[in-house]
Amino acid sequence: MLDVLHISEALTTVKKPQIVVFGDFCLDKYLYIDASRDEPSLETGKIAFQITHQKLYAGAAGTVTNNLLALGAKVVCVGLVGEDGEGTDLLRCLKKAGADTSYMVVTSDRNTCTYMKPMHYRPNSLPSEEGNRLDIRNFTPTPRNLEEKLLENLSTVLPNVDAVVICDQFIEADCSVITSFVRQSLAKMAKKYPAIPFLADSRGFIDQFSDMLVKCNDKELASIFNLSPNTLTEAEIPIYAQKLSQRTMKPVFITLGPQGVLFSDGQDSEFIRGYTVPGPLDICGAGDAWNAGTLFALTKRLDFVSAALVGNTASSLVIQQLGITGTTSVDAITERLTKWPNI
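Residues numbered from 1 in each chain as written. Predicted model: local features only at pLDDT ≥ 70, side-chain atom pairs only at ≥ 80, totals over all residues. Heavy atoms only, no water.

A. Region of interest: helix α1 (residues 4-11). Within α1 the residues assigned to the buried category are Val4, Ile7, Ser8, Ala10 and Leu11. Each buried residue of α1 lies within a common arc of 160° when the element is viewed along its axis, so the set occupies one face. Those residues of α1 that are buried are in contact with α8 (286-299), α9 (304-318) and α10 (330-337). Measuring from the side-chain oxygen of the N-cap residue of α1 to the backbone nitrogen of Leu5 gives 3.3 Å; that N-cap residue is Asp3. (Buried < 20%, exposed > 50% of the residue type's maximum accessible area, 1.4 Å probe, protein only. Helix = DSSP H or I, 4+ residues; strand = E, 2+ residues; numbered from the N terminus. Arc of directions from axis to C-beta. Contact = heavy atoms within 4.5 Å. Polar contact = N/O pair within 3.5 Å; in protein donor to acceptor, adjacent residues only side chain to side chain.)

Structure representation (structure tokens):
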């Protein structure tokens, strides 16, 4: 049975873990458009939107970074940014939050991945309405020299860190930070440093990681085994989780939304119940908060199941923060742990 008091005491130890966030860092760029100022373009006749202000945030791996910093960890960022304005803005956001960006790789060969989100509003009126998102991405293979530089930077910091979280954001193969070559090299590093927990989260390639912890949701688990989403029954999820663990050669975490998380080490499985929290809710960033909370707990020498409960707790707090990609604190987590599994 989970010992909530022991978990809380472990989380509040003085030592600040140093954690590497490796992978796809993005800029979230909110463009606020005053709809009352829309005007036709003289050249095209189409409506020209007037941007009155903007808000910038570090997204994707940057969201995990922000969550870890909020928990009290020291964070080293290793990823790619372009020699462009978005790259400058992204690095500024990370530095302002308190992250070490000295191991980020800046290059003219890549765009800074950016999500531009037009937010149409009228002064003194209803909340903003989000328009069609504009994405800046990379759709060509990542050059080998950049792959090698990223791995070199990670190798440099590895001997002095407590954990590594890997964020694989995009589904285009080999076009971002986590390429096939990088993934294979990460497996070798994880084997070389068995005392350092590596945790990988990937939208399209989670079953291709090995020798490290991985996390995916039940729908992603189904797709790995060529099953239709929403078809896995409650009894089947542990079976396929064990198969995934056997494939990756390390324990796996399967997130099940508000129900909680299933942990499997390839032989045995354990279900860690989630929280029932009142709405309204905003699930944006819930997975990143789970990653941060779980990995932070592992650096405090908690077992996998206890760490997953910390991840569940972090997620339950973040989804109650509306309209922002939220973060949470150790104090908030330990306070809510006293109310597990329901509040």
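Having seen the structure, we can now continue with the description.
B. Inspection of the nonpolar core at higher detail. Counting 57 residues, the largest nonpolar core has Leu11, Val21 and Leu68 as its most contacted members. Apart from the residues lying within four places of it in its own chain, the contact partners of Leu68 are Ile19, Val21, Ala73, Val75, Val165, Ala292 and Phe296. Counting 42 residues, the second-largest nonpolar core is a separate cluster that includes Val161, Met212, Ile224 and Ala241. (Core = buried A, V, L, I, M, F, W, Y, C linked by side-chain atoms within 4.5 Å.)

C. Unusual backbone geometry, seen in detail. That bond from Gly279 to Pro280 is cis: its omega, 0°, falls within 30 degrees of zero. One can find Pro280 in the loop between β17 (269-273) and α8. Put simply, Trp340 and Pro341 share a cis peptide bond, and its omega is 5°. One can find Pro341 in the segment after α10. A positive phi angle, near 65°, is found at Arg301, a position not held by glycine. Along the chain, the position of Arg301 falls in the loop between α8 and α9.

D. A look at the sheet that holds strand β6 (residues 74-78). Ordered by their spatial adjacency, eight strands build an open sheet running β6-β1-β12-β13-β14-β15-β16-β17, and the pairing between neighbours is mixed. Only two strands of the sheet have a single neighbouring strand rather than two, namely β6 and β17. This sheet shows a mean twist of 20° between the axes of neighbouring strands, independent of strand direction. By the bridge criterion, five bridges tie strand β1 (residues 18-23) to β6 in an arrangement that is parallel. (Pairing = 2+ DSSP bridges. Axes fitted to C-alpha atoms, helices over the stretch in contact; angles between N-to-C directions.)

E. Representation of the packing of aromatic side chains within the structure. Under the criterion given, the structure shown has six aromatic pairs. Ring geometry for Tyr30 versus Tyr57: centroids 5.7 Å apart, planes at 85°, classification edge-to-face. Of this pair, Tyr30 sits in strand β2 (residues 25-34) while Tyr57 sits in strand β5 (residues 51-60), and the two are 27 residues apart along the sequence. For Tyr30, a relative accessible area of 15% translates into the label buried. Accessibility expressed as a relative area gives 39% for Tyr57, which makes it partly exposed. Summarising the aromatic geometry, the rings of Phe225 and Tyr240 are spaced 5.0 Å apart at their centres and angled 50° between planes, so their arrangement reads as tilted. One end of the pair, Phe225, is in the loop between α6 (218-224) and α7 (236-248); the other, Tyr240, is in helix α7, and 15 residues separate them in sequence. For Tyr240, a relative accessible area of 16% gives the class buried. Three or more aromatic residues link up through ring pairs in this structure, and these residues are Phe253, Phe263, Trp290 and Phe304. Directly above the ring of Phe181 sits Arg144, whose terminal nitrogen or CZ lies 3.9 Å from the centroid. (Phe/Tyr/Trp six-rings, centres within 6.5 Å; stacked < 30°, edge-to-face > 60°. Lys NZ or Arg CZ within 6 Å of the ring centre and 35° of its normal.)

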